[in-house]
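In case you want the letters, here they are:
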Amino acid sequence: MSSSTTVRTVRHRTLRVAAAALTAAAALTLTACSDSDAAGTKPPGQSDTGVSAESGGTGSSPKAQGSDAPPSAPAKADTEAGAAGKQSGKQSGKQSGKQSGSAHAANGGKAASTSRTQRLADGISTAEITKLGDQHYRAKIVAHGSVLATLETKGHDDGLDANDMFVTLTLDGQVHSWMGGGHQGPGTFKLAGGWTAKVTKVGELKYRAQIIGHDGVAATLETKGHDVGLNANGIYIVLSSGGVISAHA
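Residues numbered from 1 in each chain as written. Predicted model: local features only at pLDDT ≥ 70, side-chain atom pairs only at ≥ 80, totals over all residues. Heavy atoms only, no water.

Draft legend 1. Summary view of the overall build of the chain. When its secondary structure is counted, the chain shows four helices and 15 strands. Each of the 249 residues in the chain was classed as buried or not, and the buried ones make up 24%. A separation of at least 24 residues holds for 31% of the contacts in the chain among residues at least 6 apart in sequence. Roughly 16300 Å² of accessible area belongs to the chain as shown, and the carbon and sulfur atoms make up 54% of that amount. (Helix = DSSP H or I, 4+ residues; strand = E, 2+ residues; numbered from the N terminus. Buried < 20%, exposed > 50% of the residue type's maximum accessible area, 1.4 Å probe, protein only. Contact = heavy atoms within 4.5 Å. Areas by Shrake-Rupley, 256 points an atom, 1.4 Å probe, with all protein chains shown as cover.)

Draft legend 2. Molecular detail of the pattern of salt bridges. Across all of its chains, the model carries three salt bridges by this definition. Across the pair Lys-206 and Glu-222 runs a salt bridge, and its minimum N-O distance is 3.6 Å. With Lys-206 in strand β11 (residues 206-213) and Glu-222 in strand β12 (residues 216-222), the pair connects residues that are 16 residues apart, well separated along the chain. Exposure remark for Glu-222: the relative accessible area of 23% places this residue in the partly exposed category. (Salt bridge = Lys/Arg side-chain N within 4 Å of Asp/Glu carboxyl O.)

Draft legend 3. Quick look at the sheet that holds strand β10 (residues 196-203). Taken in spatial order, the four strands of this open sheet run β9-β10-β11-β12, and their pairing is antiparallel. Of all strands in the sheet, those with a lone pairing partner are β9 (187-190) and β12, marking the two edges. Between one strand axis and the next, the sheet turns through 25° on average, direction left out of account. Bridging between β11 and β12 involves six bridges; their strand directions are antiparallel. The partner of Gly-213 across the bridge, within β12, is Gly-216. (Pairing = 2+ DSSP bridges. Axes fitted to C-alpha atoms, helices over the stretch in contact; angles between N-to-C directions.)

Draft legend 4. View of the environment of Gln-184. If you trace the backbone, Gln-184 turns up in strand β8 (residues 183-184). Remark: the alpha-carbon pair of Gln-184 and Ile-245, spanning 61 residues in sequence, is separated by 6.6 Å. Ignoring sequence-local partners within four residues, the contact set of Gln-184 consists of Phe-189, Gly-242, Gly-243 and Val-244.

Draft legend 5. Focus on the side chain of Thr-153. Within the secondary structure layout, Thr-153 lies in the loop between β4 (146-152) and β5 (158-162). Classification of Thr-153 by relative accessible area gives buried; the value is 0%. A polar contact is formed between the side chain of Thr-153 and the backbone oxygen of Gln-135, at a distance of 3.3 Å. Polar contacts involving the side chain of Thr-153 include one to the main-chain amide nitrogen of Tyr-137, which spans 2.8 Å. (Polar contact = N/O pair within 3.5 Å; in protein donor to acceptor, adjacent residues only side chain to side chain.)

Now the structure itself:
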C-alpha cells in the first residue's frame, strides 16, 4: 500500500470518529434539554391557590372555608335583630292590649262605683247605693261602720225589714225607708194607697202576698228565704221572710 492510500484511509476514519462524536454530543444535548424542561414544568392542575390552602393547615375545601367567612356574621346579626324586634312587638302588643282592656272596663260602666249615700228613717243607718248596670243597683245598709244587710235589684225591686224599719230599693236606684206599720201574716190587710194584701204561708220562711187593687190582683210578692219589696205606683211595699207586710206612700 502506498503512502497516499494510507493517508486517505486515516482521514476517513478520523471523519467517521468525529461524526460519531458529534452525534453523541447532540444526543447528550437533547437529553439535557429534555430533563431541564421536565424539571421546570408544573404538573397540570397545580396552582398557587392550592399551595396557599395547604399552607393554611386546614386541609378543607374552598367551600368549607367560605362558610366560616366574615360575611355570614351580618346575616346572623340581622336574624337576631329581627327576632328581638318581633319579641318587642309582641310584648308591646300585649302591654297595649292590657292597658286598652283596662281602659275599656273603666269606661264601659261595668266597674262598680258608689253613686251616693243616703240616710235612712231610723236616723242611724245609711244606704250606700252603687250602680252595677242598667236597672241593676246595690244598696248596702250600714250602721256604726258595719254592713247590716244588702239589697240588690236584678230585674225587679228589692226590700228589707230591718227591725221594724222597712227599706225598698227600686229598679231606678231609689231608696225609700220608713218605720213601723207592719202586719203579721197570714191574713188580709189594708195597705196605703188603697191596696189590699192577702198574705199566705207556703213554706218555712216562705210567704206569698197578693197585692189587690180595684181591678183584682195587680202583683204578687213571694219570699224565698229573704225579704222582698215592690214599688206599686208610688206605694212602697215590703214583705219579710217572717210574713210581716208593710206599705208606705
